[in-house]
Amino acid sequence: MKQILLTNDDGFDAIGLKALIKALSPIAKLTVVAPAKNKSACGHSLTLDKPLRMQNVKDDFYKIDDGSPTDCMFISIHNLFKEGYKPDLVISGINIGANMGEDITYSGTAAAAMEAVLHKVPAIAISQVCKDRCHDIKNGWDFALAKDTIVKLAKKILNSEFPLEERKFLNVNIPPISIEECNGIKITKAGYREYGNDTSRHLNPRGEEYYWIGLHPLIWKSSENKDCDFEAVSANYISISPIKLDMTSYEDINNLNNWINS
């Protein structure tokens, strides 16, 4: 039986991870390694300043105390599988909230997929876009479209091959709609996210300042061909973006050479 390694950045007891486990259990042997607490927006962080403890929750299910999703992948890929073997696929999610545009760089969900492909394991990051600051998700969202989508993608990969080269992963964003309302799948590019200043300044009982960073609204710069992840999800399509880890701006190399030598 094929083996899938699961993680997320919302914590080992997150409802999105539970939905993912339920959806994929019939098609593969699952191993789950997730952070012991919410690690949203931790990016591609690796813990180097303290030891990490992996605790067994139940059979083939572990949590890492104060570990990031990247820690979960780094430790589990090299310690939970027999020497010379790796999982057939890593799936990170189902994240609560979108991971589109430049938010991919913040995302612990996407970071776990990044770490997996660094170790030559095919990977998918999947996120459930939500409305009204995710109150719909917290009030009993069934993840039906997300579960249907990830099962189809996983089966396609496990039964044939991963469609991308090394150091690339699939970033999937699911619109907040039912299966019946979905218009299909669009292969998209990562869009241009617009950021504001969603911070709140407060004083604690001792009169000391502290700040709380909130959730930015989903606002983006429109693309000429309407082919980015934001626009696909807004039009009730599932967005699948191929993401690569090579962030070199190749089109600027010659210009930069000319500039530095001028």
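Residues numbered from 1 in each chain as written. Predicted model: local features only at pLDDT ≥ 70, side-chain atom pairs only at ≥ 80, totals over all residues. Heavy atoms only, no water.

The name given to the chain in an unreviewed UniProt entry is 5'-nucleotidase SurE, with Malaciobacter marinus as the source organism. In its Function (unreviewed entry) section, UniProt records this for the chain: "Nucleotidase that shows phosphatase activity on nucleoside 5'-monophosphates." (UniProt positions renumbered as here; feature names shortened; annotations may be inferred.)

S.K.: Help me out: how do you make sense of the overall build of the chain in this one?
M.R.: Secondary structure summary: the chain contains eight helices and 13 strands in total. Taken over C-alpha atoms, the radius of gyration comes to 19 Å for the chain, in line with the 18 Å a tight globule of 262 residues would show. In terms of overall dimensions, the chain has C-alpha extents of about 55 × 55 × 50 Å along its principal axes. Considering only contacts within the chain whose residues lie at least 6 apart along the sequence, 77% involve residues at least 24 apart. For the chain, the exposed surface amounts to about 14600 Å²; the carbon and sulfur share of it is 50%. (Helix = DSSP H or I, 4+ residues; strand = E, 2+ residues; numbered from the N terminus. Rg over C-alpha atoms; globule rule 2.2 N^0.38 Å. Contact = heavy atoms within 4.5 Å. Areas by Shrake-Rupley, 256 points an atom, 1.4 Å probe, with all protein chains shown as cover.)

S.K.: What am I meant to see in the UniProt feature "binding site: a divalent metal cation" (unreviewed entry) in the chain here?
M.R.: The UniProt record annotates "binding site: a divalent metal cation" (unreviewed entry) at Asp9, Asp10, Ser40 and Asn95. These residues run over 87 residues, yet every pair of their C-alpha atoms falls within 8.9 Å of each other. With respect to the helices and strands, Ser40 occurs in the loop between strand S2 (29-35) and strand S3 (54-58). Turning to its location among the elements, Asn95 is positioned in strand S5 (residues 89-96). Non-local contacts of Asn95, meaning those with residues more than four positions away in its chain, are made with Asp9, Asp10, Thr109, Ile126, Ser127 and Gln128.

S.K.: Even after reading the chapter, I still don't get the pairing of S3, so can you show me in this structure?
M.R.: Two faces belong to every sheet, and in a regular strand the side chains alternate between them. Here four bridges tie S3 to strand S4 (residues 61-64), and the two strands are oriented antiparallel to one another. The residue bridging Lys58 from the neighbouring strand is Phe61, located in S4. (Pairing = 2+ DSSP bridges.)

S.K.: Can you help me understand helix H6 (residues 144-159) in this one?
M.R.: At 3.6 residues per turn, the α-helix brings residues three or four places apart onto the same side. The end-to-end C-alpha separation of H6 is 22 Å, in line with the 22 Å expected for 16 residues at 1.5 Å each. Every buried residue of H6 is accounted for by Leu145, Ala146, Thr149, Ile150, Val151, Leu153, Ala154, Ile157 and Leu158. Its buried side turned inward, H6 meets strand S1 (3-7), helix H1 (15-24), S5, strand S6 (123-128), strand S7 (168-174) and strand S13 (238-244). (Expected span 1.5 Å × (residues − 1). Buried < 20%, exposed > 50% of the residue type's maximum accessible area, 1.4 Å probe, protein only.)

S.K.: Just to check I follow, could you spell out the sheet that holds S5 for this structure?
M.R.: Sheet strands pair via backbone hydrogen bonds, and the direction of the pair is either parallel or antiparallel. Sheet architecture is open: nine strands sit in the order S3-S4-S2-S1-S5-S6-S7-S13-S8, paired in mixed fashion. Each end of this open sheet is capped by a strand with a single partner; those strands are S3 and strand S8 (185-187). Averaged over all pairs of adjacent strands, the angle between strand axes in this sheet comes to 25 degrees, irrespective of strand direction. As judged from the six bridges shared by S7 and S13, these two strands associate in the antiparallel manner. Across the sheet, Asn171 pairs through a bridge with Ser241, a residue of S13. Sheet strands touched by helix H2 (residues 69-79): S1, S2, S3, S4 and S5. Its angle to S2, the strand with the most contacts, is close to 135 degrees. The strands touched by H6 are S1, S5, S6, S7 and S13; relative to S5, the strand with the most contacts, the crossing angle is about 170 degrees. (Axes fitted to C-alpha atoms, helices over the stretch in contact; angles between N-to-C directions.)

S.K.: So what exactly am I meant to see when it comes to the environment of Met247 here?
M.R.: Tracing the chain through its elements places Met247 in the loop between S13 and helix H8 (253-260). When the C-alpha atoms of Met247 and Lys156 are compared, they prove to be 28 Å apart, with 91 residues separating the residues in sequence.

S.K.: Any chance you could explain the packing of aromatic side chains here in plain terms?
M.R.: The description of an aromatic ring pair rests on the distance of the ring centres and on the angle between the ring planes. Summed over the entire model, instances satisfying the criterion amount to two aromatic pairs. Relative to Tyr195, the ring of Tyr106 lies with its centre 6.2 Å away and its plane at 70 degrees, an arrangement referred to as edge-to-face. Pair noted here: Tyr106 is in helix H3 (residues 103-106) and Tyr195 is in the loop between strand S9 (192-193) and strand S10 (199-203), with a separation of 89 residues, a long-range link. For Tyr106, a relative accessible area of 46% corresponds to the partly exposed category. For Tyr195, a relative accessible area of 35% translates into the label partly exposed. (Phe/Tyr/Trp six-rings, centres within 6.5 Å; stacked < 30°, edge-to-face > 60°.)

S.K.: Just checking my understanding: could you explain the environment of Tyr62 for this structure?
M.R.: Checked against the element boundaries, Tyr62 lands in strand S4. By relative accessible area, Tyr62 is classed as buried at 18%. For Tyr62 and Lys37, which are 25 residues apart along the polypeptide, the C-alpha to C-alpha distance reads 12 Å. If we skip the residues at most four places from it in the chain, Tyr62 touches Val32, Val33, Ala34, Met54, Gln55, Asn56, Val57 and Leu80.

S.K.: Before we go on, may I ask you to explain the pattern of salt bridges in this structure?
M.R.: Two side chains of opposite charge can pair, provided their charged atoms sit close to one another. Summed over the entire model, instances satisfying the criterion amount to nine salt bridges. Across the salt bridge formed by Lys189 and Asp227, the nearest N and O atoms sit 3.5 Å from each other. Placement of Lys189 in the loop between S8 and S9 and of Asp227 in the loop between strand S12 (220-221) and helix H7 (229-234) is noted, with a sequence separation of 38 residues between them. Taking the relative accessible area as the measure of exposure, Lys189 reaches 41% and is therefore partly exposed. By relative accessible area, Asp227 is classed as partly exposed at 27%. The partner of Glu209 in a salt bridge is Arg201, with the nearest N and O atoms 2.7 Å apart. The structure contains a network of salt bridges with shared partners spanning Lys37, Lys39, Lys50 and Asp66. (Salt bridge = Lys/Arg side-chain N within 4 Å of Asp/Glu carboxyl O.)

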